[in-house]
Amino acid sequence: MSTKTVLIVTNGSQDKSNEDSRFNGIAYDSIDCECQDYLQKLSNLTASYYDEAYLFWVTPTSEILEKLLPVLKPKGKLLLEHQIPDRESGQAVCLDLQISGFVDAMAAKDPTTGDRFIVCEKPAWETGESATINIPASTSNTWKMDTGDLAEDDLVDENELLDDGLVITPGAGCGSDAKGPGKRRACKNCSCGLADLEAAGKADEAPAIKSNCGSCYKGDAFRCASCPFLGQPAFEPGTNRVMLSAGGDDI
């Protein structure tokens, strides 16, 4: 008689004659899932005792799989038969087996009978086992950072990159400073009258631009639709010069 230890979990209402003949000469333990206390019987089995386990006509629920894994020996086999109707079901059961801790799950079809089955096994280690990891010792070639690598002298002062009081003078055009460089020329969509004066040859007689609302210097958000300063940056009141301050917290 074989010394192989076998566990059979089956549905007692099914004909097991074919399965019984398969295990002639082999002593096996059997649990009938039609019994109300079958889960308790599975829990009472000896851990890491069985070489093989078989599920016949039994739906492989997570509760059954979680109790079968501990009772198998490392690399012990689990075979499921008579409960795999199609290929998709086999793939789904294989995924459940992997989630439950089994490895190498494979769904196949018997070419003789046409019955589908799944075979898998328990990993080659027990739950809770540990292994030593050999970490190589550090060598003298390991790169190290010296505290002097981040000396303050090596860092750039960002305040030195900005010039406080920087003045930006807008280019010549509508609203430009008459004393600035270049000749005043009308913008493409001139609305201050300079384009008309240029057409009449009287550009030098263009009057100084005055703000009717008093908010032109604040920027486009405060300017009206016909403001001659549209598109220009904000500037100091009474001038057309843009002042940038590098001392604010919002820079």
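Rules of the game
Residues numbered from 1 in each chain as written. Predicted model: local features only at pLDDT ≥ 70, side-chain atom pairs only at ≥ 80, totals over all residues. Heavy atoms only, no water. Helix = DSSP H or I, 4+ residues; strand = E, 2+ residues; numbered from the N terminus. Buried < 20%, exposed > 50% of the residue type's maximum accessible area, 1.4 Å probe, protein only. Contact = heavy atoms within 4.5 Å. Polar contact = N/O pair within 3.5 Å; in protein donor to acceptor, adjacent residues only side chain to side chain. pLDDT = per-residue confidence, 0-100. Pairing = 2+ DSSP bridges. Right-handed = clockwise from strand over helix to strand, strands pointing away. Phe/Tyr/Trp six-rings, centres within 6.5 Å; stacked < 30°, edge-to-face > 60°. Lys NZ or Arg CZ within 6 Å of the ring centre and 35° of its normal. Salt bridge = Lys/Arg side-chain N within 4 Å of Asp/Glu carboxyl O.

### Regarding the overall build of the chain
So, step 1. Looking only at helices and strands, the chain features 5 helices and 8 strands.
So, step 2. Starting at the N terminus and ending at the C terminus, the chain contains elements arranged as β-α-β-α-β-α-β-α-β-β-β-α-β.
So, step 3. Taking all 251 residues of the chain together, 26% fall into the buried category.
So, step 4. In the chain, 52% of the contacts between residues at least 6 apart in sequence involve partners at least 24 apart.

### A few points about the side chain of Lys122
So, step 1. Considering the arrangement of structural elements, one finds Lys122 in the loop between strand S6 (116–121) and strand S7 (166–168).
So, step 2. Within polar-contact distance, the side chain of Lys122 engages the side chain of Glu126 at 3.0 Å.

### Describing the confidence of the model for the chain
So, step 1. Looking at the chain, the pLDDT average stands at 77 and 69% of residues meet or exceed 70.
So, step 2. Confidence scores differ between elements of the chain, with strand S8 (residues 242–244) showing the lowest mean pLDDT of 53 and S6 the highest of 94.
So, step 3. Note that residues 177–181 has pLDDT below 50 and, in this model, 3 contacts with residues that lie over four places away or in other chains.

### Some remarks on the pairing of strand S3 (residues 50–56)
So, step 1. Of all 7 residues that make up S3, 6 are buried, and the element is covered over most of its length.
So, step 2. Two strands pair when backbone bridges link them, and S3 and strand S4 (residues 72–81) are joined in this way by 6 bridges, in the parallel orientation. When the bridges of S4 are listed, Phe56 appears paired with Glu81.
So, step 3. Following the backbone out of S3, through helix H3 (residues 62–71) and into the adjacent parallel S4, one traces a crossover that is right-handed.

### Notes on the pairing of S6
So, step 1. Looking at chain direction, S4 and S6 are connected through 5 bridges and run antiparallel. For Glu81, the partnering residue across the bridge sits in S6 and is Phe117.
So, step 2. When strand S5 (residues 103–109) meets S6, the two strands line up antiparallel, connected through 5 bridges. Across the sheet, residue Val103 finds its bridge partner in S6, namely Glu121.
So, step 3. Hairpin connection from S5 to S6: 6 residues lie between these consecutive antiparallel strands, with Gly114 at a positive phi of about 80°.

### Some thoughts on the packing of aromatic side chains
So, step 1. Inspection of every chain in the model, using the stated rule, returns 3 aromatic pairs.
So, step 2. Between Tyr54 and Phe56, the aromatic rings sit 5.8 Å apart at their centres with planes inclined by 35°, giving tilted as the arrangement. Pair check on accessibility: Tyr54 and Phe56 agree, each one buried.
So, step 3. Each member of the aromatic cluster is reached from another via a ring pair, and the members are Tyr54, Phe56 and Trp57.
So, step 4. Its guanidinium or amino end placed over the ring of Phe222, Lys218 lies 5.2 Å from that ring's centre, counting from NZ or CZ.

### Quick look at the pattern of salt bridges
So, step 1. A full pass over the atoms with the stated rule returns 6 salt bridges.
So, step 2. When the shortest N-O distance is used, the salt bridge between Lys122 and Glu126 registers 3.0 Å.
So, step 3. Since its relative accessible area comes to 3%, Lys122 is described here as buried.
So, step 4. Here Asp220 and Arg223 are joined by a salt bridge, their closest N and O atoms 2.7 Å apart.
So, step 5. The class of Asp220 is partly exposed, set by a relative accessible area of 37%.
So, step 6. Via salt bridges that share partners, Lys75, Lys77 and Glu121 belong to a single interconnected network.

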